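Below are the chains, spelled out letter by letter.
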Amino acid sequence: MSYEKPIPLKNEDNAPFWDAADRHELFLQKCHTCQQFAHPPGPACAKCGSSDLTWENLGTDIKGRVYSYVISHRPFLPGFQNDTPLVIAVIELATYPEVKMIGNILNHAIEDIHIGMEVEMTWQKINDGRSLPQWE
Amino acid sequence: MENIKNKYAIVGVGESERSKKSGTTPLHLALDAARAAIADAGLETKEIDGFMSYSENDSCPAHQLSTYLGVRPKYVKDIMGGGSSTEMLIADAIGLIETGQVNTVLIYRSMNGRSGVRMGGGGWDVNMLQNAMDGGSFLIPYGAGSPGQWFGLFATRHMHETGLTKEHLGHVCVSFYEHAQRNPKAFFYGKPLTMEAYHDTPDLSFPFNKHDFCLESDEANAIIVTSAKRAEQLPNQPAYIMGIAARQCVSHAHYWTNVDEVASDYVAKDVYKKAGVTAKDLDVASIYDCYSWVVLRQLEAYEIAKRGEVGDFVADGHLKMGGKLPSNTAGGMLSEGYTHGMNNVIEIVRQIRHDYEGSDRQVKDCEVGLCTGWAGPDIAGAMILRN
Ligand SMILES: [Zn+2]
């Protein structure tokens with residue numbers, strides 16, 4: 001069955017992130033000037049405006065904690081008809097808690113979802129060599 | 001710029017019929033609302049020389065409206081925008097009057113919000129959404145396509161940190177639905193909500209059930225802004241603008257990267273300073289209520305209740321008539337109607353003018369009122385009015 005949910009669109013600012021995700025690695029944009037991470041990535045650092053940016057490879061073994069979440073019982077976007085209840089969470093990275101990422105929490109009963117819950121990044125294969133960073 | 005405190009006023013408000021299916025165009029609705037506001041103000045139509053609207057590409061342009069009112073405008077402006085646009089356009093109107101561009105401005109929001117373009121989510125082109133929203137590719141592929149989900153991420157964290165519960169969200173809904181029972185024009189007039197019924201309603205998107213979401217309606221609203229000098233020559237009581245914070249933002253367009261701050265935190269300090277009042281001076285409020293939790297978060301931001309005590313404030317009935325700050329007294333967007341906030345502004349004007357004198361809808365000794373706008377956690381505005 002083909003993947004019917006939206007596939008992340010790559011652009012000149014975010015392509016290194018999504019290319020890395022397709023290889024099952026987490027790349028984060030980082031600012032050389034102020035040394036802070038910039039996520040989501042952009043054309044310049046959102047903290048100081050510098051365009052002296054680089055990419056840091058955090059590898060494949062990524063741990064995080066649930067910072068906040070919602071549980072959707074209705075699909076608000078096409079393609080998610082068979083995905084309810086859907087947990088959408090803000091995850092803070094264990095190593096860099098200042099970095100917050102949005103993702104779905106997979107393979108858990110919704111009763112178990114709570115703030116502070118420890119999760120690990122997993123790569124959900126979609127199609128055409130594309131993968132989506134997720135959490136479980 | 002010098003302080004404009006009390007130098008400008010809202011002199012007329014009006015609305016079209018409110019329905020689920022207007023069967024007509026936004027232009028017809030806007031004409032009805034505009035004529036009602038002009039009659040309320042006691043102005044000659046040709047005195048309106050500025051026209052402004054906000055919309056999500058679902059309205060009619062200001063030049064079109066002015067044309068069918070038979071007026072040649074000196075200034076028109078149509079912006080893309082939802083919540084907090086009313087406050088922003090009022091501030092823009094004041095700037096234009098102050099610099100001599102125009103004398104009197106009519107601002108309107110017209111929408112077939114139920115039968116036409118709906119805001120609640122669904123049916124959108126997902127690639128368009130990813131491109132239209134900065135950082136959209138980090139949200140949309142995860143199914144996060146509705147403000148109810150985005151704002152819910154703020155709500156869950158805030159509830160966790162401050163002890164707010166579903167019960168407290170319910171108190172906001174129950175309080176506003178109670179107000180709607182005094183407003184025959186409210187959508188949920190005749191349909192009160194009990195806490196038991198609230199709790200029995202399944203979640204649409206935790207922590208929100210359908211009562212926590214605002215409703216959708218077909219309607220147009222209009223308000224008229226002019227100088228206090230002109231206002232004093234008109235037949236009716238004006239609502240004077242003590243202070244206005246047009247629009248403020250949080251630090252990042254990807255506001256979900258920091259669910260701990262909202263733009264209202266910045267707006268609150270600004271609007272109180274400009275108006276020269278504090279939360280203690282407020283007698284009535286219209287608090288932007290696209291979702292119940294948004295009200296709770298703003299009660300904290302505007303220092304109406306302390307962080308951690310907001311739940312008790314609403315549980316003790318302080319948003320209801322006779323409470324410390326009766327709020328959204330027409331029912332708000334949770335139970336009256338939905339025009340991205342302008343219906344709430346109209347209600348605060350009517351309370352401040354004592355339009356309901358002699359009825360149980362009038363807030364007693366109502367001299368100073370706050371209305372707040374919330375485009376999202378990222379963008380907000382506010383205005384303080386006085387009798
Ligand atoms: Zn930087």
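What counts and what doesn't
- Residues numbered from 1 in each chain as written.
- Chains lettered and ligands numbered in written order.
- Predicted model: local features only at pLDDT ≥ 70, side-chain atom pairs only at ≥ 80, totals over all residues.
- Heavy atoms only, no water.
- Domains from an automatic or database assignment.
- Contact = heavy atoms within 4.5 Å.
- Buried area = accessible area lost by both parts, 1.4 Å probe.
- Salt bridge = Lys/Arg side-chain N within 4 Å of Asp/Glu carboxyl O.
- Polar contact = N/O pair within 3.5 Å; in protein donor to acceptor, adjacent residues only side chain to side chain.
- Helix = DSSP H or I, 4+ residues; strand = E, 2+ residues; numbered from the N terminus.
- Nonpolar A, V, L, I, M, F, W, Y, C, P; charged D, E, K, R; others polar.
- Expected span 1.5 Å × (residues − 1).
- Donors = N, O, S within 2.8 Å, 3.2 Å for Na, K, Ca; no water.
- Tetrahedral: all angles 85-135°; square planar, octahedral: opposite > 155°, others 65-115°.
- Pairing = 2+ DSSP bridges.
- Axes fitted to C-alpha atoms, helices over the stretch in contact; angles between N-to-C directions.
- Phe/Tyr/Trp six-rings, centres within 6.5 Å; stacked < 30°, edge-to-face > 60°.
- Buried < 20%, exposed > 50% of the residue type's maximum accessible area, 1.4 Å probe, protein only.
- Parallel < 35°, antiparallel > 145°, perpendicular 65-115°, else oblique.
- Left-handed = near helix turned anticlockwise from the far one by under 90°.
- Core = buried A, V, L, I, M, F, W, Y, C linked by side-chain atoms within 4.5 Å.
- Disulfide = S-S within 2.5 Å.

1. Topic: the domain arrangement of chain A
Residues and elements named next belong to chain A.
At step 1: Entries for chain A in the domain assignment read domain 1 (11-60) and domain 2 (61-136).
At step 2: Look at where the C-alpha atoms of domain 1 and domain 2 centre, and you get two points 20 Å apart.
At step 3: Contact with domain 1, which involves 14 residues of that partner, is made by 16 residues of domain 2.
At step 4: Taken together, the two surfaces of domain 1 and domain 2 that pack against each other cover about 1,300 Å², and 67% of this comes from carbon and sulfur.
At step 5: The interface formed by domain 1 and domain 2 includes one salt bridge.
At step 6: Where aspartate 22 meets arginine 130, a salt bridge forms, and the shortest distance between an N and an O atom there is 3.2 Å.
At step 7: Viewed at the interface, domain 2 and domain 1 are joined by four residue pairs in polar contact (both at pLDDT 80 or more).
At step 8: Examining the composition of the side of domain 1 that touches domain 2, we find that four residues originate from one element, helix H1 (residues 15-22), more than from any other.
At step 9: In terms of residue class, the side of domain 1 that touches domain 2 is made up of seven nonpolar, four polar and three charged.

2. A closer look at helix H9 (residues 263-275) of chain B
At step 1: Counted at 1.5 Å a residue, the expected span for H9 of chain B with its 13 residues is 18 Å, and the 18 Å between its end C-alpha atoms agrees.
At step 2: Against the buried residues of H9 of chain B lie strand S8 (239-249), helix H10 (292-301), strand S10 (368-374) and strand S11 (379-386) of chain B.

3. Some details on the coordination of the zinc ion
At step 1: Surrounding the zinc ion are the protein donor atoms Cys31 of chain A (SG), Cys34 of chain A (SG), Cys45 of chain A (SG) and Cys48 of chain A (SG), which sit 2.3 Å from the metal.
At step 2: Around the zinc ion, the four donor atoms sit at angles spanning 104 to 116°, and that spread fits a shape best called tetrahedral.

4. Thoughts on the sheet that holds strand S7 (residues 218-227) of chain B
All names here are of chain B.
At step 1: Strand order across the open sheet formed by nine strands is S3-S2-S4-S7-S1-S8-S11-S10-S9, with mixed pairing between neighbours. Each edge of the open sheet is held by one strand with a lone partner, namely strand S3 (75-80) and strand S9 (284-286). Within the sheet, the average angular offset between the axes of one strand and its neighbour, ignoring direction, is 25°.
At step 2: As judged from the three bridges shared by S9 and S10, these two strands associate in the parallel manner. In the sheet register, alanine 285 faces S10, and the bridge partner there is leucine 370.
At step 3: Strands in contact with helix H3 (residues 85-98) are strand S1 (8-15), strand S2 (50-55), S3, strand S4 (104-112), S7, S8, S10 and S11; relative to S8, the strand with the most contacts, it is inclined by about 115°.

5. Quick word on the packing of aromatic side chains
Residue and element names in this part refer to chain B.
At step 1: Within the structure shown, the criterion is met by 14 aromatic pairs over all chains.
At step 2: With centroids separated by 5.9 Å and ring planes inclined at 80°, the aromatic side chains of phenylalanine 151 and tryptophan 374 adopt a geometry described as edge-to-face. Taken together, the residues phenylalanine 151 in helix H5 (residues 147-162) and tryptophan 374 in strand S10 connect sequence positions 223 residues apart. You'll find phenylalanine 151 and tryptophan 374 in the same group, each marked buried.
At step 3: Summarising the aromatic geometry, the rings of phenylalanine 208 and phenylalanine 213 are spaced 6.3 Å apart at their centres and angled 90° between planes, so their arrangement reads as edge-to-face.

6. Re the packing of H9 of chain B against H10 of chain B
Residues and elements named next belong to chain B.
At step 1: In the contact formed by H9 and H10, the axes pass within 9 Å of each other and the chain directions differ by 40°. When the interaxial angle is binned, H9 and H10 end up oblique. Judged by the sense of rotation from one axis to the other, the crossing of H9 with H10 is right-handed. Every residue of H10 that contacts H9 at Ser264, Asp265 and Ala268 is listed here: Arg297, Gln298 and Ala301.

7. Structural notes on the nonpolar core
At step 1: Core analysis: the biggest nonpolar cluster contains 112 residues, and Tyr272, Trp293, Leu299, Tyr302 and Ile304 of chain B have the highest contact counts within it.
At step 2: Here the element with the most residues in this core is strand S5 (residues 86-93) of chain A; it accounts for seven residues.
At step 3: Among all residues touching tyrosine 302 of chain B, those that are not within four sequence positions of it are Ser264, Val267, Ala268, Val271, Tyr272, Ala279, Leu370, Thr372, Gly381 and Ala382 of chain B.

8. Topic: the state of the cysteines
Residues and elements named next belong to chain B.
At step 1: By the definition in use, this model includes zero disulfides over all chains.
At step 2: Take cysteine 290: it sits in no disulfide, and the sulfur closest to it among the cysteines is that of cysteine 214, at 6.1 Å.
At step 3: Take cysteine 290: its relative accessible area is 6%, and that puts it in the buried class.

9. What to know about the pairing of strand S4 (residues 63-72) of chain A
All names here are of chain A.
At step 1: Where burial is concerned, most of S4 is hidden: eight out of the 10 residues are buried.
At step 2: Taken together, the three bridges between S4 and strand S7 (residues 118-125) define a ladder with antiparallel strand orientation. Paired with lysine 63 across the bridge in S7 is glutamate 120.
At step 3: The pairing of S4 with S5 spans eight bridges and is classified as antiparallel.

10. A closer look at the sheet that holds strand S2 (residues 37-38) of chain A
Residue and element names in this part refer to chain A.
At step 1: Strand order in the open sheet made by the three strands is S2-S1-S3, with antiparallel pairing throughout. The sheet is open, and its two edges are formed by S2 and strand S3 (53-59), each paired on a single side.
At step 2: Along the sheet, H1 makes contact with strand S1 (26-31) and S3, crossing S1 at roughly 155°.

11. Brief notes about the domain arrangement of chain B
Residues and elements named next belong to chain B.
At step 1: Taken domain by domain, chain B consists of domain 1 (8-117 + 216-231) and domain 2 (146-214 + 241-387).
At step 2: A separation of 23 Å is found between the C-alpha centroids of domain 1 and domain 2.
At step 3: On the side of domain 2, 33 residues touch domain 1, which itself brings 34 residues to the contact.
At step 4: Roughly 2,700 Å² of surface becomes buried between domain 1 and domain 2 when both sides are summed, with 63% attributable to carbon and sulfur atoms.
At step 5: Contact with domain 2 buries surface across domain 1, with Arg18, Ser84 and Glu87 losing the most and accounting together for 24% of the total.
At step 6: If you look at where domain 1 meets domain 2, you find three salt bridges.
At step 7: Two residues, glutamate 336 and arginine 18, come together in a salt bridge whose shortest N-O distance is 3.4 Å.
At step 8: Counting across the domain 1 and domain 2 interface gives 15 residue pairs in polar contact (both at pLDDT 80 or more).

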